[in-house]
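Coordinate analysis (summary)
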Protein chains: 2
Amino acid sequence: MAARIKVLNTPSMRRMPSYLHKLMLMHAAGEKHASATKLAEYMDLDTIIVRKDFELTGIQGRPGVGYKTDELIDGIRRYLGWNITCEACLVGAGSLGSALLGHEEFMEYGLKITNVFDSDPAKVGSMIHGHLVEDVRKMTQVLKPAPPPLAILCVSPHCAQMVADELIECGVKAFWNFANVCLQVPPDIIVQREVIAGGFALLSVKLTQSGIK
Amino acid sequence: MAARIKVLNTPSMRRMPSYLHKLMLMHAAGEKHASATKLAEYMDLDTIIVRKDFELTGIQGRPGVGYKTDELIDGIRRYLGWNITCEACLVGAGSLGSALLGHEEFMEYGLKITNVFDSDPAKVGSMIHGHLVEDVRKMTQVLKPAPPPLAILCVSPHCAQMVADELIECGVKAFWNFANVCLQVPPDIIVQREVIAGGFALLSVKLTQSGIK
């Protein structure tokens, strides 16, 4: 198997969208500078961690003044590659898929959902948050001429692999996988798996450590 | 501010539910032993990482044989505190809340949702995945006599703080927060914030590094 791309600083990267969201609210409120201390308080982190995270973006703050809000926003967006639009299709318009389609911040991330597919005849042809739901049986026909690089998988675990195989055949290169299964894919295909229980694992350990449960 | 509980090995803990899910499938299929190599391949990780993760549980494998599947399942469940049931209420039965209510694995995690609240009159009184939706205006009245330790927040960002304040007043001690906002809470209250964009941040960096976008 070819070596996968190594991504370092995973927790730092996970925090970037939260900084960005807060910084955009601050920017909209006319705040020209942002201090690491204030952001650390908002995020409930040590200030040193926030400074280290921002170092990754290459943006420097000034002692006593902080970071320029707009510079830091640009720096985070560039670091994450969110300054470049990424087209994606979404497969599985159930409650999770619908929740994602209604997630207003996707445009902030440079994520543009071009097609939505589902197998349920009751959903096909309907609109969900402004997106037309198409029949999954027409997915290959629709996507193959110009496949988006990314697919967001919100299908049930038992059909996730089959859907992924079909999308790879269409030319899709990466998956944001919300189905509770590890996809088996060729080494040049990127998969980011979301495990809803991952956050609950952290929470549970905190609950146990603190004697709450 | 009082010191928050430090949780170490965050990425390891996030992986535990995926190991557990796979091990339970293997156990159900009658596989008495699980090798780190096989699990590493399934999870697309280095074997050394898998072994290190399992060290945290205190369960030891045997060279050439692997881990006893049932021992490892118990070890992970104890490590995560999932051997003890945790009761929770869920507030906000929109598409994300509904997706969580339909998440079949919650029982695996020892998570028991006792009450569901929403403000939408069209939803109050209806059943979602076997849970009766109650009026959020009756939340304090319903919960105060015997509050669950945990609340799962799936409300919109603009009312999340207000709902959290009310729940803390009821006696709730911890939040699994899906609203896109940092909650301001007293230091003895635990918050696990889920940022959907966190995973997309990792994915974006991988997409950029690999030249896909």
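Computed from a predicted model, the values in this text were never measured in an experiment. (Residues numbered from 1 in each chain as written. Chains lettered and ligands numbered in written order. Predicted model: local features only at pLDDT ≥ 70, side-chain atom pairs only at ≥ 80, totals over all residues. Heavy atoms only, no water.)

**Some words on the overall build of chain A**
Inclusion rule: A run of DSSP states H or I qualifies as a helix once it reaches four residues; a run of E qualifies as a strand once it reaches two. Both are numbered from the N-terminal end. Burial here depends on accessible area, computed with a 1.4 Å probe over protein chains only, as a share of the maximum for the residue type. Under 20% is buried, over 50% is exposed, and the range in between is partly exposed. Note on definitions: a residue-residue contact is assigned when non-hydrogen atoms from the two residues lie within 4.5 Å. Here the Shrake-Rupley method, with its probe set to 1.4 Å, supplies the accessible areas, and only the displayed protein chains count as covering residues. Neither His nor the chain ends contribute to the count of charged residues, in which Lys and Arg are positive and Asp and Glu negative. One atom stands in for each charge, and that atom is NZ of Lys, CZ of Arg, CG of Asp or CD of Glu.
Along the backbone of chain A there are eight helices and nine strands. Once the C-alpha set of chain A is aligned to its principal axes, its extents read approximately 60 × 40 × 40 Å. Residues classed as buried in chain A amount to 50% of the 213 residues present. Taking all contacts inside chain A whose residues are at least 6 apart in sequence as the whole, residues at least 24 apart take part in 56%. Of the roughly 9,800 Å² that chain A leaves accessible, carbon and sulfur atoms contribute 54%. In chain A, which carries 22 positive and 22 negative side-chain charges, the distance between the mean positions of the two groups comes to 4 Å.

**Focus: the relation of the copies chain A and chain B**
Our working definition: Superposing copies: least-squares fit, C-alpha atoms only, residues required to have pLDDT of at least 70 in both.
Once chain A has been moved 0.0 Å along the axis and rotated by 180 degrees, it coincides with chain B to within an RMSD of 0.0 Å. Considering both components of the superposition, the chain copies are consistent with a two-fold axis. The C-alpha atom lying nearest the rotation axis in chain A is that of Ser95(A); the distance is 2.4 Å. Here 100% of the contact residues of chain A are again contact residues in chain B; the copies associate through an equivalent surface.

**Some details on the sheet that holds strand β7 (residues 150-153) of chain B**
All names here are of chain B. As a reminder, the rule being used: Paired strands are those between which DSSP finds at least two bridges. Where helices are involved, their axes are fitted lines through C-alpha atoms of the stretch in contact, as for all axes, and angles between N-to-C directions lie from 0 to 180°.
One open sheet accounts for seven strands, arranged β5-β6-β4-β3-β7-β8-β9; its pairing is mixed. Single-partner strands in this sheet number two, and they are β5 (127-128) and β9 (190-193). As judged from the four bridges shared by strand β3 (residues 86-91) and β7, these two strands associate in the parallel manner. Note that in β7 the partner of Leu-90 across the bridge is Ile-152. Against the sheet, helix α7 (residues 157-170) makes contact with β3, β7 and β8 (174-177), and its axis sits at roughly 165 degrees relative to β7, the strand it touches most.

**Quick word on the interface of chain A and chain B**
Here is the rule we go by: In short, buried area is how much 1.4 Å probe accessible area vanishes from two parts on joining, totalled over both. The salt bridge definition used is simple: a Lys or Arg side-chain nitrogen within 4 Å of an Asp or Glu carboxyl oxygen. Here a polar contact is taken to be a pair of N or O atoms separated by no more than 3.5 Å, where protein atoms must pair a possible hydrogen donor with a possible acceptor and residues adjacent in sequence count only if both atoms sit in side chains.
With 64 residues of chain A at the contact, the number on the chain B side is 64 residues. Around 5,900 Å² of area is buried between chain A and chain B when both sides are counted, 70% of it from carbon and sulfur atoms. Put simply, chain A and chain B have zero salt bridges between them. At the junction of chain A and chain B, the tally comes to eight residue pairs in polar contact (both at pLDDT 80 or more).

**Side note on the layout of surface pockets**
Residues and elements named next belong to chain A. Our working definition: A cavity here means a set of 1 Å grid points, computed over protein atoms only, where a 1.4 Å probe fits but cannot escape. A pocket is an open set with protein on both sides within 12 Å along at least 5 of 7 lines, and lining residues have an atom within 4 Å of a point. Grid points are joined across faces, edges and corners, and a volume is the space filled by probe spheres set on the points. Each residue is assigned to one of three groups, with Ala, Val, Leu, Ile, Met, Phe, Trp, Tyr, Cys and Pro labelled nonpolar, Asp, Glu, Lys and Arg labelled charged, and all others, Gly among them, labelled polar.
The computed volume of the second largest pocket comes to approximately 280 Å³. The wall of the second largest pocket is formed by 17 residues, among which Gly-92, Asp-118, Ser-119, Val-155 and Cys-159 lie closest to the centre. Considering each element in turn, the lining of the second largest pocket owes the most residues, four residues, to helix α7 (residues 157-170). For the lining of the second largest pocket, the class distribution of residues is nine nonpolar, four polar and four charged.

**Section: the domain arrangement of chain A**
Note the threshold: What counts as a domain boundary in this text is fixed by an automatic or database domain assignment.
Domain boundaries in chain A define domain 1 (10-80) and domain 2 (86-197). Placing the centre of domain 1 of chain A and that of domain 2 of chain A at their C-alpha centroids yields a distance of 31 Å.

**Observations regarding the packing of aromatic side chains**
Filter applied, for reference: Any Phe, Tyr or Trp ring, taking Trp's six-membered ring, that has another such ring centre within 6.5 Å forms a pair; planes under 30 degrees apart are called stacked, those over 60 apart edge-to-face, and the others tilted. Whether a charge sits over a ring depends on NZ of Lys or CZ of Arg being within 6 Å of the ring centre and within 35 degrees of the ring normal.
Taken as a whole and assessed by the stated rule, the structure comprises 18 aromatic pairs over all chains. On the basis of an interplanar angle of 55 degrees and a centroid distance of 4.9 Å, the ring pair of Trp176(B) and Phe178(B) is categorised as tilted. For Trp176(B), a relative accessible area of 0% translates into the label buried. Taken together, the ring pairs connect Trp82(A), Phe106(A), Tyr109(A), Trp176(A), Phe178(A) and Phe200(B) into an aromatic cluster. Its end group placed over the ring of Tyr42(A), Lys22(A) keeps NZ or CZ at 4.2 Å from the ring centre.

**Topic: the environment of Ala160(B)**
Residues and elements named next belong to chain B. Secondary-structure assignment places Ala-160 in helix α7. Considering only alpha carbons, one finds Ala-160 and Asn-177, 17 residues apart in sequence, at a separation of 8.6 Å. With residues near it in sequence (within four places) discarded, Ala-160 still touches Leu-153, Val-155, Ala-179, Val-181 and Leu-183.

**Some remarks on the side chain of Asp118(B)**
Residues and elements named next belong to chain B. Within the fold, Asp-118 resides in strand β4 (residues 111-118). In this structure Asp-118 is buried but unpaired, with Lys-123 as the nearest side chain of opposite charge at 4.4 Å. Looking at Asp-118, its side chain comes within polar contact range of the main-chain nitrogen of Ala-93, at 2.6 Å. Those residues in contact with Asp-118 that lie beyond four places of it in its chain are Gly-92, Ala-93, Gly-94, Lys-123, Val-124, Val-133, Glu-134, Asp-135 and Val-136.

**Some words on the environment of Ser156(A)**
All names here are of chain A. By the element assignment, Ser-156 lies in the loop between β7 (150-153) and α7. Judged by its relative accessible area of 30%, Ser-156 falls in the partly exposed class. Taking C-alpha positions, Ser-156 is 9.0 Å from Val-181, a pair spaced 25 residues apart along the chain.

**Describing the nonpolar core**
Across soluble globular proteins, you tend to see nonpolar side chains buried next to one another. Note the threshold: Here, the term nonpolar core denotes a set of buried Ala, Val, Leu, Ile, Met, Phe, Trp, Tyr and Cys residues that are joined through side-chain atoms within 4.5 Å.
Counting residues in each nonpolar core, the largest one holds 72 residues, and the members touching the most others are Val91(A), Leu167(A) and Ile152(B). No other element matches the seven residues that helix α8 (residues 196-209) of chain A contributes to this core. What Ile152(B) contacts, discounting residues up to four positions off in sequence, is Ala88(B), Cys89(B), Leu90(B), Val91(B), Leu100(B), Leu111(B), Ile113(B), Trp176(B) and Phe178(B). Ranked by size, the runner-up nonpolar core spans 71 residues in total, among them Leu150(A), Ile190(A), Phe117(B) and Cys170(B).

**Considerations on the state of the cysteines**
Operational definition: Here, a disulfide means two cysteine sulfur atoms that sit within 2.5 Å of each other.
The tally for this structure, following the rule as stated, stands at zero disulfides over all chains. Free of any disulfide, Cys182(A) has its nearest neighbouring cysteine sulfur in Cys159(A), separated by 16 Å.

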